[in-house]
Amino acid sequence: MNLLDLAGRVAVVTGGARGIGYSLATALARHGASVALLDILPTVDEAADRLRDETGAATFAARVDVTDPASVEDATG
């Protein structure tokens with residue numbers, strides 16, 4: 001039973017390419033959310049692909065430095 005239904009929702013996870021961020025993204029995806037991974041690491045695209053393969057969730061990846069407003073603006077358009 002899924003007590004937390006996030007179907008139709010989009011979760012944005014900063015630091016999502018590895019570690020706690022990736023674990024959080026995985027949990028959110030398993031509860032039905034589409035997940036956008038934002039990270040400064042160049043491996044963020046591979047992390048999004050892995051997350052999609054593991055969970056079947058729709059994913060988006062962007063290489064972003066969330067401490068830099070211009071970087072965030074470039075990623076989100």
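Everything that follows concerns the structure shown earlier in this document.
Here goes a summary of the coordinates provided. Here the residue index of a chain counts from 1 through its sequence in written order. Local features in a predicted model are, by the rule used here, given only for residues with pLDDT of at least 70; side-chain atom pairs are given and counted only at 80 or more, and totals for whole chains, interfaces and linings are based on all residues. Hydrogens and waters are ignored; side-chain quantities use all the structure's heavy atoms.

Spatially, 3 strands are ordered S1-S2-S3 in an open sheet, and the strand pairing comes out parallel. Single-partner strands in this sheet number two, and they are strand S1 (10-14) and strand S3 (59-63). With direction set aside, neighbouring strand axes in the sheet form an average angle of 15 degrees. Helix H2 (residues 44-55) rests against strand S2 (34-39) and S3 of the sheet, and its axis sits at about 170 degrees to S3. Strands pair, by our definition, only if DSSP identifies at least two bridges between them. Strands are runs of DSSP state E lasting at least two residues, helices are runs of H or I lasting at least four, and both sets are numbered from the N terminus onward. Axes, fitted as lines to C-alpha atoms, cover a helix only where it is in contact. Angles between the N-to-C directions of the axes lie from 0 to 180 degrees. In what follows, residue pairs with any heavy atoms lying within 4.5 Å of each other are defined as contacts.

Bridge analysis of S2 against S3 gives 5 bridges, and the strand direction is parallel. Bridging from a neighbouring strand, Val35 pairs with Thr59 of S3. Tracing the backbone out of S2, into H2 and back to the parallel element S3 gives a crossover that is right-handed. Consider the strands pointing away from the viewer: the crossover is right-handed when the path from the first strand over the helix to the second runs clockwise.

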